[in-house]
Amino acid sequence: FQTSVKFKDVIIPAPWGHIAGRWYGSRSERPILAIHGWMDNLGTFDRLVPLLLNHTAILCIDLPGHGRSSRLPRGIYYSVYDYVYTIPLVMKAFGWPKVSLMGHSLGGVMSFMYAGMAPDTVDLVVSLDVLLPRRITDPGKLSSDIEKWLEEERRQAEGLEPHSFTLSKLRSIIDKGSKKSVPLHLADHLLHRQIARSQIYPEKLFLSRDGRVKFYNIFDIEPGLAAVIAGRIRPKPYLIIKGSLSQFVGLQCEDTISILSQDNPHFELHNIAGASHHVHLQAPEECARHIVPFILAHRSPTNGTI
C-alpha cells in the first residue's frame, strides 16, 4: 500500500510492548493525536490526514492489539476503560503537557472519557461519528463473547494460525463487517497494517490483529455519568462530525450534546450527507471542510508547540 504523504514511523514503549504510530508533518510541534475505532487501525485516517497537514502535524496510533501495536499479554481482557490510559501514556512518552484529540468511533469515545477525566490537559476534541458508546441491548452477548474470547485464547496458546483468505475475500469481510461503512474500494486502507501471509496456504492472507479484540469488554456510560463528564468538558472546543446515514450520534446523545453546547460558542456539530459510520474515510474532503477552520480557530501555532 503506497502513500505520497511523508511520515515517520514511531514506536512508543509500553509496559506490555509498544504502541505503533505514524507521525505526519513537523516534529517540532505538538501534533493532534488521532485514534481509530474498534477493529480498525491508523489506516482509517489515510484519506483525511493529507487534507489537514498544511495546518497541523498529526500522530496516528494503532491501539493495543490493533494494527502493528503489541498485543496485551495472554489472559488479559481488552477493555475500553483501559484503552483510555493509552492517551496519557503517549503524552508522557513525548512530554506533552496538553493533548489535542481526534477520534473515530472507539477513539472518539476514548477522547470524550479522557477529556472528562483530565480536562485541564485537553485543548480540543474532534469526534468522528460518535459521542457516547452504543447502549447494551442484548445482555446475552456478554456471555457469548466471554466464551468466544476463551476460545481465541486457547487458539493462540496452541499456536494455531487464524483462518486465511484471498485478498479479495478479506476486502469483502471488511465491507460486510463494517455494514458497508468501509466499501470494497476503501477496504485496503484498513487492511495494509493488519494482514500477514499464511504459512499453511502461501497464496492466502490472514488478519494479524489480536483476535481477542473482537470480544472486548462491552461497556456503557449511563446518562448521569455522561452528564457529569460533559459538564467537566464544557466549554472546551468540541467538534462532532456525523454521517447522515449513521445512528451512532442519535437520540441517546441529545442530552449530552445539550450540556456540551450550553453557553459554549466553541461547540460544533455537523452532518455529512450520504455518509455512514466511517464518515472520514468516505467523505474526507467534507470532513476537512469543518476540521480545518476548527483547528485554526482553537489551536494556534503557539499552543500547538511542544
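Details of the structure are given in the entry above.
Residues numbered from 1 in each chain as written. Predicted model: local features only at pLDDT ≥ 70, side-chain atom pairs only at ≥ 80, totals over all residues. Heavy atoms only, no water.

(A) The pairing of strand 6 (residues 122-128), seen in detail. Of all seven residues in strand 6, seven are buried; the element is thus mostly enclosed. Note that strand 5 (residues 99-104) and strand 6 share six bridges and pair parallel. Among the inter-strand pairings, His-104 is bridged to a residue of strand 6, identified as Leu-128. Taking the sense of rotation as the criterion, the β-α-β connection linking strand 5, helix 3 (residues 106-117) and strand 6 turns out right-handed. Pairing of strand 6 with strand 9 (residues 238-243), which is carried by four bridges, proceeds in the parallel orientation. Its bridge partner lying in strand 9, Leu-128 is registered against Ile-241. (Buried < 20%, exposed > 50% of the residue type's maximum accessible area, 1.4 Å probe, protein only. Helix = DSSP H or I, 4+ residues; strand = E, 2+ residues; numbered from the N terminus. Pairing = 2+ DSSP bridges. Right-handed = clockwise from strand over helix to strand, strands pointing away.)

(B) Structural context of the sheet that holds strand 1 (residues 7-14). Taken in spatial order, the eight strands of this open sheet run 1-2-4-3-5-6-9-10, and their pairing is mixed. For this open sheet the edge positions go to strand 1 and strand 10 (267-272), each flanked by a neighbour on one side alone. Strand after strand, the sheet turns through a mean of 20° between neighbouring axes, direction not considered. Here strand 9 pairs with strand 10 via six bridges, running parallel. Bridging from a neighbouring strand, Lys-242 pairs with Asn-271 of strand 10. Relative to the sheet, helix 2 (residues 86-94) contacts strand 1, strand 2 (17-24), strand 3 (32-35), strand 4 (58-61) and strand 5, its axis offset from that of strand 1 by approximately 110°. Along the sheet face, helix 8 (residues 254-261) touches strand 9 and strand 10 and points at about 135° away from the line of strand 10. (Axes fitted to C-alpha atoms, helices over the stretch in contact; angles between N-to-C directions. Contact = heavy atoms within 4.5 Å.)

(C) The side chain of His-280, seen in detail. Mapping His-280 onto the fold places it in helix 9 (residues 279-282). Judged by relative accessible area, which is 0%, His-280 ranks as buried. In this view, His-280 contacts Thr-44, Phe-45, Leu-48, His-104, Leu-128 and Cys-287; residues no more than four positions away in its chain are not counted.

(D) Geometry of the packing of helix 3 against helix 7 (residues 223-233). Direction vectors running N to C along helix 3 and helix 7 enclose 65°, while the axes themselves pass 8 Å from each other. Here helix 3 is positioned roughly perpendicular relative to helix 7, judged by the angle of their axes. Once helix 3 is placed against helix 7, the crossing between them reads as left-handed. Packed against helix 3, whose contacting residues are Phe-112, Ala-115, Gly-116 and Met-117, the element helix 7 presents Ala-226, Ile-229, Ala-230, Arg-232 and Ile-233 at the interface. Classifying every residue of the contact of helix 3 with helix 7 by side-chain character gives seven nonpolar, one polar and one charged. (Parallel < 35°, antiparallel > 145°, perpendicular 65-115°, else oblique. Left-handed = near helix turned anticlockwise from the far one by under 90°. Nonpolar A, V, L, I, M, F, W, Y, C, P; charged D, E, K, R; others polar.)

(E) Local environment of the packing of helix 7 against helix 8. One way to put it is that helix 7 packs onto helix 8 with a least axis distance of 8 Å and a crossing angle of 20°. In this view, helix 7 runs roughly parallel relative to helix 8, as classed from their interaxial angle. Seen along the crossing, helix 7 lies across helix 8 with a hand that is right-handed. On helix 8, the residues that touch Ala-226, Ala-227, Ala-230, Gly-231 and Ile-233 of helix 7 are Thr-256, Ile-259 and Leu-260. Its residues assigned to classes, the contact of helix 7 with helix 8 comprises six nonpolar, two polar and no charged.

(F) Broad picture of the state of the cysteines. A complete count under the given rule lists zero disulfides for this structure. Free cysteine Cys-287: the closest other cysteine sulfur is in Cys-60, separated by 14 Å. Cys-287 sits in the buried class, given a relative accessible area of 0%. (Disulfide = S-S within 2.5 Å.)

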